[in-house]
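One-letter residues, chain by chain:
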Amino acid sequence: MDLHLKNVFDRFQEQFGSGPGLGPGSGTCLMKVEGISPNFIKSVFKASAALYRTDPWKRLCPGHLFGIRVGKDTDWSGKKQPFPCVQFIGGDGGDIGFNMFRSQNDAKRMTGSRETIQVPNVELLRVTYERESLMFPSNRKMIKSLSLEASGIDRFPVIDVARCTSSGTLRFRHPTPEELRFVYAFMKAIALVHPLLQEDKEGGPKWSRLMYFEPFIETVDVQWPQEMAKGYDLVAVTISHPPGQAYEEKTSSTASSTPTKYAELSREEAFVDIRVYSNGNLRQCAACEKEIHGEQALSCVRCQAVLYCSSVCQKQHLKETHKSMCGLYKAMMEREEELAMNIFMFPCAADQPCKWLESLGIHQKGMWRRKCSCYSHCPFGLLPVKGGLWDSWGGLNDEEFPHDSSFHHHVRDGMSSPILLSGWSEYYNLRSLPLSSPIADILSHPLTVYYILTTLNISSKNLLMKGKEVVVHYLGPEGELDWMPAFAEVGHLLNGLGNVQIIMVGSEVPTNLSGTTSGIGSRVRVNLVRGVYEEEASYLPSPHVIVALNCGLSCYSTWGGALNSIKSMGVPAFFTDQSEISCANAKQVLRSAGLYITHPVMPNPFRSPVKHHEPSSNLPSYSNGFVLGVNT
């Protein structure tokens, strides 16, 4: 090509490049935004990459509109939210990204069957994940000079504000710093929230290809980066689907707590048809705690979760406590099938743990002795130890438990790195274990800790990736004190990179073990400390992460001092509980203690696959079943 023509062609491409979304590329570049700093841009690109990794386009299309509120209206110029309605584009083809609208009406006007329609005089903010090869030279130069994080392999966000004029042409402008703050908060919040959307299989037309979701609303706390903060480190972000979805109940009496989204049970529907719950096992009445046989039990007609010995107890319980919780129980029961773990081939019922363990041939053996009450007379951590790993796993066949071996064959880009796991299927496959092996019931604890360190908490993940040590404060250990061989798997999964020091603190630590340190493999060591956390915390090495598994947070008043210590340290903390309901109750306890929820209640992929049933309920719960995070 003639040099003159080549220069003309290059200038044409820079000015009128093929660009994303609604038409010709705008050529906007964040470096040209007045008042913006390089760190500001880096934070936006990090949040954008984190959202891209959650891949919302697997399920979301332009027809799925989301409402968004970031803080209060008074926090923004004009005393209103800049872009309170959002849609994702590219899920069914085309440019991948999302559009933010000034109103829900604008979003509906501009949403076609497969693409965004140009409507005169309507302004929207666009974030499009564009391949680097298609980007304008100014954007490529910005990415290279600031070493910005890529989304996926070679995609980067292009952010601009577009308006279609009355003549049909498109005009673009740079987003303002305030608009970028709003986009940042949305990206951080939606990445946590959109995986919780539940499909409504009965909610849409049978012929529609569009996936329909149940109405949804959730509030999470997002931490502003230092360069974005304006007097406050955190901001509450509420995501709703559809945009008009609102909380149906009044908010809690505490200003910091999140209102519940479940409607109360009306008096008319409470006693329309009391269903007999047929089950041969002994249960307890939720009101008087009297033991009743399953075939004689009455259950709440709406949630079908709690059981009663008589209609008198049902009416009393409804009036005193159940009325406020019934909607939440109903939502949990509706998710029972979804939350069931069907991948395993061993029995999944632990109402009678001794019989379950006997059926597997591991009753009163090795680490399994802590799975029933037969050894309750022996203090935690002091079970007699016979021999090696085979004895610890109760004499399971060699191919049924993980051996003390590393994963040298697991290499990425020619280098070893911590192995990131998404669930039990991946782990069992990695270890070549049969799905009939019950080891997941004990490994739920160490692998939940590993999942928190490598997936939920970015700072600890980065430390491990750099080969550094992460210090974990592990609160309230009990059975874990006898499961130390299982914690060796954490070290193997680190795959030659990083170390973990776990400091277990609790009143169940035996006096003669307090102050001892155990090396669990070459990359994990465990320190045991007997005592109350708020009294011992100041004497311990500063933690990077705090965890409390199956903590029963909402059931114990003794958590107050520990929560105050966690708040004063400002360290990321993660709590698990058996059921979604108990975790939701714990969420309120944490908020009332002044802790900010950064991870909403979510199913833990490493929960124990063995179902446990509360004595007064039909409601399923799981060891380490759900997890939420605070204070990050």
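The protein chain is annotated in an unreviewed UniProt entry as Zinc finger MYND domain-containing protein 15 of Prunus mume.

Draft legend 1. Just the sheet that holds strand 17 (residues 499-506), in detail. Spatially, the eight strands line up as an open sheet ordered 18-19-17-16-20-21-25-22, and their pairing is mixed. Edge positions in the open sheet fall to strand 18 (517-520) and strand 22 (597-603), since each of these has one partner strand only. When the angles between neighbouring strand axes are averaged without regard to direction, this sheet yields 20°.

Draft legend 2. A look at the packing of aromatic side chains. A complete count under the given rule lists 21 aromatic pairs for this structure. With a centroid separation of 6.4 Å and an interplanar angle of 70°, the aromatic rings of F344 and W424 are classed as edge-to-face. Residue F344 is located in the loop between helix 8 (336-339) and helix 9 (353-360), and its partner W424 is located in helix 11 (residues 424-430); the two are separated by 80 residues in the primary sequence. Among the residues examined, W424 registers a relative accessible area of 2% and is labelled buried. Here Y474 and F487 contribute two aromatic rings whose centre-to-centre distance is 6.1 Å and whose plane-to-plane angle is 70°, an arrangement assigned as edge-to-face. Taken as a pair, Y474 in strand 16 (residues 469-475) and F487 in helix 14 (residues 484-493) lie far apart in primary sequence, 13 residues in all. Given the relative accessible area of 0%, Y474 is considered buried. The exposure class assigned to F487 is buried, which follows from its relative accessible area of 0%.

Draft legend 3. How the structure looks around a positive patch on the surface. Judged by side-chain charge, K42, K46, K466 and K468 come together as a positively charged surface patch. Position of K42 relative to the elements: it lies in helix 2 (residues 38-53). Residue K42 is classed as partly exposed on the basis of its relative accessible area, which comes to 34%.

Draft legend 4. Main features of the side chain of R126. Note on placement: R126 falls in strand 4 (residues 123-131). A distance of 2.8 Å separates a polar atom in the side chain of R126 from a polar atom in the side chain of D160.

Draft legend 5. Up close: the pattern of salt bridges. Across all of its chains, the model carries 16 salt bridges by this definition. Measuring nitrogen to oxygen at the nearest pair gives 3.5 Å for the salt bridge that ties E179 to R102. Remark: R102 occurs in the loop between strand 3 (96-101) and helix 3 (104-110) and E179 occurs in helix 5 (residues 177-193); sequence separation between them is 77 residues. Judged by its relative accessible area of 5%, E179 falls in the buried class. In this structure, D482 engages R370 in a salt bridge whose closest nitrogen and oxygen atoms are separated by 2.7 Å. Residue D482 is found in the loop between strand 16 and helix 14, and its partner R370 is found in the loop between helix 9 and helix 10 (389-392); the two are separated by 112 residues along the sequence. Assessed through its relative accessible area of 11%, D482 is described here as buried. R370 sits in the buried class, given a relative accessible area of 14%. The network of salt bridges with shared partners includes R102, E123, R163, R173 and E179.

Draft legend 6. Fine view of helix 2. Taking 1.5 Å per residue as the helical rise, helix 2 with its 16 residues ought to reach 22 Å, and the 23 Å between its terminal C-alpha atoms agrees with that figure. Looking at helix 2, one finds that the buried residues are F40, I41, S43, V44, F45, A47, S48, A49 and L51. Those residues of helix 2 that are buried lie in contact with strand 2 (85-89), strand 3, strand 4, helix 4 (137-146), strand 5 (155-164) and helix 5. Positive backbone phi, at 50°, marks D55, one or two positions downstream of helix 2.

The rules behind the values
Residues numbered from 1 in each chain as written. Predicted model: local features only at pLDDT ≥ 70, side-chain atom pairs only at ≥ 80, totals over all residues. Heavy atoms only, no water. Pairing = 2+ DSSP bridges. Helix = DSSP H or I, 4+ residues; strand = E, 2+ residues; numbered from the N terminus. Axes fitted to C-alpha atoms, helices over the stretch in contact; angles between N-to-C directions. Phe/Tyr/Trp six-rings, centres within 6.5 Å; stacked < 30°, edge-to-face > 60°. Buried < 20%, exposed > 50% of the residue type's maximum accessible area, 1.4 Å probe, protein only. Patch = residues over 30% accessible without salt bridge, like charges linked within 9 Å, V, L, I, M, F, W, Y side chains within 5 Å. Areas by Shrake-Rupley, 256 points an atom, 1.4 Å probe, with all protein chains shown as cover. Salt bridge = Lys/Arg side-chain N within 4 Å of Asp/Glu carboxyl O. Lys, Arg positive; Asp, Glu negative; His and termini not counted. Charge placed at Lys NZ, Arg CZ, Asp CG, Glu CD. Polar contact = N/O pair within 3.5 Å; in protein donor to acceptor, adjacent residues only side chain to side chain. Expected span 1.5 Å × (residues − 1). Contact = heavy atoms within 4.5 Å.

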